[in-house]
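Per-entry structural report
Here are the chains, one letter per residue:
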Amino acid sequence: MDIKDIRFERNILDYSVPLDYTVMMQYINEFSERYPFIAVSSIGESIMGRGLPVITLGAGERSVLYVGTHHGMEWITSILLLRFINEYCELKRNKQRIFNLSIDYLFESKSIYVIPMLNPDGVDYQINGVDKENVIYDRLLKMNNGSTDFSRWQANARGVDLNHNYNCGFAEYKKFEAEQGIQDGAPTRFSGFMPESEPEVGALCNFLRFNENIELLLTLHTQGEEIYYTSGDMTAPRSETIAKALSRSSGYRVSRPEGMAAYGGLTDWYISEIGRPSFTIECGKGENPLPLSDNFKIYADIRKMLFMTPTLI
């Protein structure tokens, strides 16, 4: 299927507006009504009580998981995952193939779990700002250096950077924090006072601990057009081979995270605790937040990766 064939998505998704939690849930509810063969559930709630939806595509026992938007400014990754859900479902409904792959066969043989937005509170602050009626308004303002401009907000509602709140390299990361003078909640880079202190991270870790059928994890971030698959010197079996396949399908280069990016992340934790392949996909290029207009090109680059990843397990 040529990229020109990505037309039907516009029937549901409006790519002219930013994707906050409310808009995302409207789309997910519409998907649920339109595609009765998908399942929508929740892995838990955010600090501010927003549900963390997980969409299941497929009926196979062996499965993979895609996670979007750990960081408030990176909500374009949620758009990418919704585009993927929309396209997958349209192909399934119309009994079509893509990349020489039968969607009916993929549906029956594998399952794809998709968590489009792990940090809904941070996204809401980044897009809409913080309402004065927010119960922690004064604390949020203090964490944001007294500014009411939250457009650079990456953290969750408590000022914790979710992708540094995992229990792998946590102590090492704290040394970087001390060097940077980060001691408490902040717009970015504060890892929390202990691993899994944040309900969003705890919910995801428990989902992964108790779902033994998940054999591979992709987590989408921005930006850099890179693929990470290591945690320090640790790798899971077959990870390098799979990373090269993901690189061929997307044009993204295989790389290694450096500095603060190399500690306390979901990929680090999954490799260390679960011992299975995990990949951080740095989508697009530019400066966060990437412009909404970039979403089509980014999706065109990674869509083959998203469809082919379940075939690699």
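Up top is the structure.
Below or above, wherever it landed, is the structure these notes cover. Everything quoted here is computed from the prediction, not taken from an experiment. (Residues numbered from 1 in each chain as written. Predicted model: local features only at pLDDT ≥ 70, side-chain atom pairs only at ≥ 80, totals over all residues. Heavy atoms only, no water.)

1. Remarks on the overall build of the chain
Threshold: Starting at the N terminus, helices and strands are each numbered in turn, a helix being any DSSP run of H or I of at least four residues and a strand any DSSP run of E of at least two. This radius of gyration counts C-alpha atoms alone. The globule rule is 2.2 Å times how many residues there are, raised to the power 0.38. Only protein chains enter the area calculation, which uses a 1.4 Å probe; residues under 20% of their type maximum are buried, those over 50% are exposed, and those in between are partly exposed. By definition, residues are in contact when any of their heavy atoms lie within 4.5 Å.
Across its full length, the chain carries 10 helices and 10 strands. For 313 residues, the compact-globule formula gives about 20 Å, and the C-alpha radius of gyration of the chain, at 18 Å, lands near that figure. Along the longest, intermediate and shortest principal axes, the C-alpha atoms of the chain span 55 × 45 × 35 Å. Here the chain, with 313 residues, has 58% of them falling under the buried criterion. At a minimum sequence separation of 6, the contacts of the chain that also span at least 24 residues come to 79%.

2. Considerations on the packing of aromatic side chains
Here is the rule: Each Phe, Tyr or Trp ring (for Trp, its six-membered ring) is paired with any other whose centre lies within 6.5 Å, and the angle between the two planes then decides the class: stacked below 30 degrees, edge-to-face above 60, tilted in between.
Inspection of the entire model under this criterion finds 15 aromatic pairs. Note on Phe84 and Phe307: the rings are 4.9 Å apart at their centroids and 65° apart in plane angle, and the pair reads as edge-to-face. Separated by 223 residues along the polypeptide, Phe84 in helix α2 (residues 76-93) and Phe307 in helix α10 (residues 295-308) bring together distant segments of the chain. Residue classification places Phe84 among the buried positions, given a relative accessible area of 0%. Given a relative accessible area of 0%, Phe307 falls into the buried group.

3. Remarks on the pattern of salt bridges
Convention followed: Salt bridges, as used here, are contacts in which a Lys or Arg side-chain nitrogen is within 4 Å of a carboxyl oxygen on Asp or Glu.
In total, this model carries 18 salt bridges according to the counting rule given. In this structure, the salt-bridge partner of Lys92 is Asp104, at a minimum N-O distance of 3.6 Å. Here Lys92, found in helix α2, pairs with Asp104, found in helix α3 (residues 103-109); they are 12 residues apart in sequence, far enough to count as distant. Assessed through its relative accessible area of 15%, Lys92 is described here as buried. Residue Asp104 is classed as partly exposed on the basis of its relative accessible area, which comes to 26%.

4. Some thoughts on unusual backbone geometry
Here the residue pair Thr222 and Gln223 is connected by a cis peptide bond, since its omega of 5° sits within 30 degrees of zero. Note that Gln223 resides in the loop between β7 (214-222) and β8 (226-228). Between Asn288 and the following residue, Pro289, the backbone shows a cis peptide bond with an omega angle of -5°. Looking at where Pro289 falls in the secondary structure, it is placed in the loop between β10 (278-283) and α10. Of note in the backbone geometry, Asn100 takes a positive phi value of approximately 60° without being a glycine. Take Asn100: it is sitting in the loop between β4 (97-98) and β5 (101-102). The phi dihedral of Asn145 is positive, around 60°, even though this residue is not glycine. As for its position among the elements, Asn145 is in the loop between α5 (137-143) and α6 (170-180).

5. Regarding the environment of Ile227
Within the element layout of this structure, Ile227 appears in strand β8. Sequence separation between Ile227 and Ile76 is 151 residues; the distance between their C-alpha atoms is 17 Å. Those residues in contact with Ile227 that lie beyond four places of it in its chain are Ala243, Leu246, Ser247, Ser250, Tyr252, Arg253, Val254, Ser255, Phe279, Thr280, Ile281 and Met305.

6. Regarding helix α7 (residues 199-209)
At 3.6 residues per turn, the α-helix brings residues three or four places apart onto the same side. For α7, the tally of buried residues reaches 8 of 11 residues, placing the bulk of the element in the interior. Of the positions making up α7, those classed as buried are Glu200, Val201, Gly202, Ala203, Leu204, Cys205, Phe207 and Leu208.

7. A few points about the packing of α2 against α10
Basically, it comes down to this: Lines fitted to C-alpha atoms define the axes here, with helix axes fitted over just the stretch in contact, and angles between the N-to-C directions of these axes take values from 0 to 180 degrees. Any angle that falls under 35 degrees is termed roughly parallel, while one over 145 is termed roughly antiparallel, one within 65 to 115 roughly perpendicular, and all others oblique. What makes a crossing left-handed is the near helix being turned counterclockwise from the far one by less than a right angle; a clockwise turn instead makes it right-handed. Three classes are used, and their members are as follows: Ala, Val, Leu, Ile, Met, Phe, Trp, Tyr, Cys and Pro are nonpolar, Asp, Glu, Lys and Arg are charged, and the others, Gly among them, are polar.
At their nearest, the axes of α2 and α10 sit 10 Å apart, and the two run at 55° to each other. Relative to α10, the element α2 is oriented oblique. Crossing angle aside, the handedness with which α2 passes α10 is right-handed. Contacts from Ile76, Ile79, Leu80, Arg83, Phe84, Glu87, Tyr88 and Leu91 in α2 reach Asn295, Phe296, Ile298, Tyr299, Ile302, Arg303, Leu306 and Phe307 in α10. For the contact of α2 with α10, the class distribution of residues is 12 nonpolar, 1 polar and 3 charged.

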